[in-house]
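Geometric and topological summary
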Amino acid sequence: MSFLVETKRFKLMQTKQQAFNTDTVLLSNFINIPKNTKNILDIGTGSGVLMFDLAFKSEANIYGLEVQQNRFEQACNNIELNNLTNRLKALNEDLNEYKPNILFDLIISNPPFFKVDQNSNLSKNEEDLIARHEVKLTLEQLFNNVSRLLKYRGHFYMIHRPDRLDEIVAYANKYQIAIKTIRFIHPNIDSKANHILIHGIKNGGQGISVLNPLILYKDKHIFTKEMEEIIGDF
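What you see is a predicted model, and the numbers here were worked out from it, not measured in a lab.

Description of the overall build of the protein
The helix and strand tally for the protein stands at seven helices and 13 strands. Computed over its C-alpha atoms, the radius of gyration of the protein comes to 17 Å, within 12% of the 17 Å expected for a compact globule of 234 residues. By its C-alpha atoms, the protein is 45 × 45 × 40 Å across when sized along the principal axes. Once local pairs closer than 6 in sequence are excluded, the contacts in the protein between residues at least 24 apart make up 68%. As presented, the protein carries roughly 12100 Å² of accessible surface, and 47% of it is formed by carbon and sulfur atoms. Considering the protein, the positive charge centre built from 28 side chains and the negative charge centre built from 27 side chains are found 4 Å apart.

Structural data, given as structure tokens:
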């Protein structure tokens, strides 16, 4: 069953499986849209949350790629709900087979985090399985396609897991995406990082900035001041 969600910037219908979470908000806050950005691609757009947020921040044309039929249909409905059919378009395609007639200035993605292997705790729900595990898109395929679809000196933003940082760096180097900025996300000040934000530039120069870590909670169920500001700005 679908339900309505309203933020300061947009409204959307979504199901429980499609509901956006903290990952979405953190990635949105991390993205810096360069001046004169004309075309943006959101890989794995889901119900379209990041598209709507970016539409509020820029005048660019935004394309949301979604391999799952039901999520694609929800994104299309939400584009109409927000009266953004002139700039936003959802596409029901597999990234590995996607062949647009343009290259993108900016690509963003909140991709599947987990490998599919015998040790994986696979979801029995197909929609969750595709969203969370690399059954349709592996990390290497993501970087390969980002490099293929991104303009020279175009920007790429993603959120992922820090335990895969070595692979992220290796694939980024292999496919000419120079990692420029990294930020580690910690649930609280005493815990290990459980997410990582990455910014890269295609054919960018050397040099990586590691930002101060973002701590989500100062106490149980109580956000830090910075996290409150991030949530409040969404």
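Side note on helix α1 (residues 22-30)
In terms of burial, α1 is largely enclosed, as seven of its nine residues are buried. Where α1 is concerned, the buried positions are Asp23, Thr24, Val25, Leu26, Leu27, Ser28 and Phe30. Two to three positions downstream of the cap, the backbone nitrogen of Asp23 sits 3.1 Å from a side-chain oxygen, assigning the N-cap of α1 to Asn21.

Digging into the nonpolar core
Counting residues in hydrophobic clusters, the biggest one holds 36 residues, and the most contacted among them are Ile31 and Leu88. Elements that contribute at least two residues to this core include exactly α1, α2 (49-57), α3 (69-81), β5 (88-91), β6 (104-109), β7 (150-160) and α7 (225-233). For Ile31, the contacting residues outside a window of four places in its chain are Leu54, Leu106, Ile108 and Tyr157. Core analysis: the second largest hydrophobic core is formed by 26 residues, Tyr98, Phe143, Leu150 and Tyr171 among them.

Comments concerning the environment of Ile159
Here Ile159 shows up in strand β7. A relative accessible area of 0% places Ile159 in the buried class. Between the C-alpha atoms of Ile159 and Ile198, which are 39 residues apart in sequence, the distance is 6.2 Å. Residues contacting Ile159, with those up to four places away along its chain left out, are Asp23, Leu26, Leu27, Ser109, Asn110, Pro111, Phe113, His195, Ile196 and Leu197.

Thoughts on the side chain of Thr181
Along the chain, Thr181 falls in strand β8 (residues 177-186). Those residues in contact with Thr181, other than ones at most four positions away along the chain, are Phe30, Leu197, Ile198, His199, Ser209 and Leu211.

Some thoughts on the pairing of strand β4 (residues 61-65)
Both strand β3 (residues 39-43) and β4 contribute to a ladder of five bridges, which runs parallel. When the bridges of β4 are listed, Ile43 appears paired with Leu65. Chirality of the crossover, the property in question, places the unit of β3, α2 and β4 among those that are right-handed. Of the pairings in the sheet, the one linking β4 to β5 comprises four bridges and is parallel in character. Of the residues in β5, the one forming a bridge with Tyr63 is Lys89. Assessed by its sense of winding, the connection that carries the chain from β4 through α3 to β5 is right-handed.

A short note on the pattern of salt bridges
Tallied over the full model, the rule gives six salt bridges. Notably, a salt bridge pairs Lys57 with Asp53, separated by 3.0 Å at the nearest N-O pair. With Lys57 and Asp53 both in helix α2, this residue pair falls four residues apart, about one helical turn. By relative accessible area, which is 35% here, Lys57 ends up partly exposed. We classify Asp53 as buried; its relative accessible area is 0%. Across the pair Glu140 and Lys174 runs a salt bridge, and its minimum N-O distance is 2.6 Å. Separated by 34 residues along the polypeptide, Glu140 in helix α5 (residues 139-149) and Lys174 in helix α6 (residues 165-174) bring together distant segments of the chain. The class for Glu140 is partly exposed, based on a relative accessible area of 25%.

Re the pairing of β7
Burial analysis of β7 places eight of its 11 residues in the buried class, which makes it a mostly covered element. With five bridges connecting them, β6 and β7 associate as parallel partners. Opposite Ser109, over in β7, you have Met158 as the bridge partner. Pairing of β7 with strand β9 (residues 195-202), which is carried by six bridges, proceeds in the antiparallel orientation. Bridge pairing in β9 places His155 opposite Ile201.

About the thresholds
Residues numbered from 1 in each chain as written. Predicted model: local features only at pLDDT ≥ 70, side-chain atom pairs only at ≥ 80, totals over all residues. Heavy atoms only, no water. Helix = DSSP H or I, 4+ residues; strand = E, 2+ residues; numbered from the N terminus. Rg over C-alpha atoms; globule rule 2.2 N^0.38 Å. Contact = heavy atoms within 4.5 Å. Areas by Shrake-Rupley, 256 points an atom, 1.4 Å probe, with all protein chains shown as cover. Lys, Arg positive; Asp, Glu negative; His and termini not counted. Charge placed at Lys NZ, Arg CZ, Asp CG, Glu CD. Buried < 20%, exposed > 50% of the residue type's maximum accessible area, 1.4 Å probe, protein only. Polar contact = N/O pair within 3.5 Å; in protein donor to acceptor, adjacent residues only side chain to side chain. Core = buried A, V, L, I, M, F, W, Y, C linked by side-chain atoms within 4.5 Å. Pairing = 2+ DSSP bridges. Right-handed = clockwise from strand over helix to strand, strands pointing away. Salt bridge = Lys/Arg side-chain N within 4 Å of Asp/Glu carboxyl O.

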